[in-house]
Amino acid sequence: MMQPALALADTASQQAALQAELDQVNAQIAQNQAELAAEQKQRATYQNQVDILDSQIQEAQLEIKQRNLTIQQLQSGIAQKQSGIASLDSQVAAGEASVAQILRETNEMDDTSLAVKVLGGTLPEYFSETDDFAVIQQALADAFTQMAAQKTDLTAREEALQQQNQEQSQLLQLQQLQQQSLQQSEAAKQKLVTQAKG
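It should be emphasised that the depicted structure is a prediction, and the values quoted were computed from it without experimental measurement.

Visitor: Got a sec to walk through the overall build of the protein chain? Specific residues and values, please.
Guide: Per the secondary structure count, the protein chain includes four helices and zero strands. Traced from its N-terminal end to its C-terminal end, the protein chain shows the element sequence α-α-α-α. Expressed as a percentage of the 198 residues in the protein chain, the buried residues total 27%. Put simply, 84% of the contacts in the protein chain that link residues at least 6 apart link residues at least 24 apart.

This is the structure:
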């Protein structure tokens, strides 16, 4: 029983650590953008162009790191949602088993005719069984209501999980494009350095 609490504490601390690192990377990106703007205002020489490309490369690397951290946060959230869905799914299964048992008991009571019930026992036993039947019917109604709520919650969680999976996929695609752009910037920088030496 203590493991879920520890897992949530670990997840919360991991989330906090990821958020802190993400905030730090965002601050570095902002600083880098300010430096890049200042360098772009300077005269366009080979060295200045190399400096601009260096800043762009550094910014791209930081954005890649930022995206990696965001993806890690999404993966952690996805794992939590999957765990919650599994737990809720077991609750729904247990509810269905309970409803099945209640239905069996209801059918058993319905199958016995009123005359057999009255003649087979005493009048207090008959009223006791009638009260039991009413309790079972109420329990059945409650179980159906609870199962409907759990299934609605389960559907909402599955939709949220699907949305997070799509977001993660989009971030990974963006990550690939950013890495290609980074390679192109590094190639342009090498070309400028070669021209400056040449």
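From this point, the narrative continues.
Visitor: Residues and numbers for the pattern of salt bridges, please.
Guide: Enumeration according to the criterion identifies three salt bridges in this entry. Across the pair Glu21 and Lys65 runs a salt bridge whose closest N-O atoms are separated by 3.9 Å. Taken together, the residues span a long stretch of sequence, with Glu21 in helix H1 (residues 2-41) and Lys65 in helix H2 (residues 46-111) at a distance of 44 residues. A relative accessible area of 30% places Glu21 in the partly exposed class. Under the relative-accessibility criterion, Lys65 is labelled partly exposed at 38%. Residue Asp153 is joined to Arg157 by a salt bridge in which the shortest nitrogen-to-oxygen separation is 3.4 Å. Of this pair, Asp153 and Arg157 both sit in helix H4 (residues 123-197), four residues apart, roughly one helical turn. Taking the relative accessible area as the measure of exposure, Arg157 reaches 32% and is therefore partly exposed.

Visitor: Describe the environment of Ala100, listing the residues and the values that go with them.
Guide: Here Ala100 shows up in helix H2. Ala100 sits in the partly exposed class, given a relative accessible area of 27%. For the pair formed by Ala100 and Leu140, sequence separation is 40 residues and the distance between their alpha carbons is 9.2 Å.

Visitor: Explain the side chain of Ser55 to me, using residue names and the numbers behind them.
Guide: Along the chain, the position of Ser55 falls in helix H2. With a relative accessible area of 6%, Ser55 lands in the buried category. For Ser55, the contacting residues outside a window of four places in its chain are Asn32, Leu36 and Glu39.

Visitor: Describe the confidence of the model for the protein chain, with residues and values.
Guide: Residues of the protein chain with pLDDT of at least 70 account for 80%, and the chain-wide mean is 79. Per-element confidence in the protein chain is highest for H2, whose mean pLDDT is 81, and lowest for helix H3 (residues 114-119), whose mean pLDDT is 56.

Visitor: Please set out the environment of Gln190 residue by residue, giving values where relevant.
Guide: Along the chain, Gln190 turns up in helix H4. What makes Gln190 partly exposed here is its relative accessible area of 47%. When the C-alpha positions of Gln190 and Val50 are compared, they lie 8.5 Å apart, and in sequence the two are 140 residues distant.

Visitor: Describe the side chain of Glu63, with residues and values.
Guide: Within the element layout of this structure, Glu63 appears in helix H2. At 4.6 Å, Arg67 is the nearest oppositely charged side chain to Glu63, a buried residue that forms no salt bridge. Non-local contacts of Glu63, meaning those with residues more than four positions away in its chain, are made with Ile29 and Gln178.

Visitor: Please set out the environment of Gly95 residue by residue, giving values where relevant.
Guide: Its location among the elements puts Gly95 in helix H2. Between the C-alpha atom of Gly95 and that of Met147, which follows or precedes it by 52 residues, the distance is 6.3 Å.

Scoring rules and cut-offs
- Residues numbered from 1 in each chain as written.
- Predicted model: local features only at pLDDT ≥ 70, side-chain atom pairs only at ≥ 80, totals over all residues.
- Heavy atoms only, no water.
- Helix = DSSP H or I, 4+ residues; strand = E, 2+ residues; numbered from the N terminus.
- Buried < 20%, exposed > 50% of the residue type's maximum accessible area, 1.4 Å probe, protein only.
- Contact = heavy atoms within 4.5 Å.
- Salt bridge = Lys/Arg side-chain N within 4 Å of Asp/Glu carboxyl O.
- pLDDT = per-residue confidence, 0-100.
- Lys, Arg positive; Asp, Glu negative; His and termini not counted.

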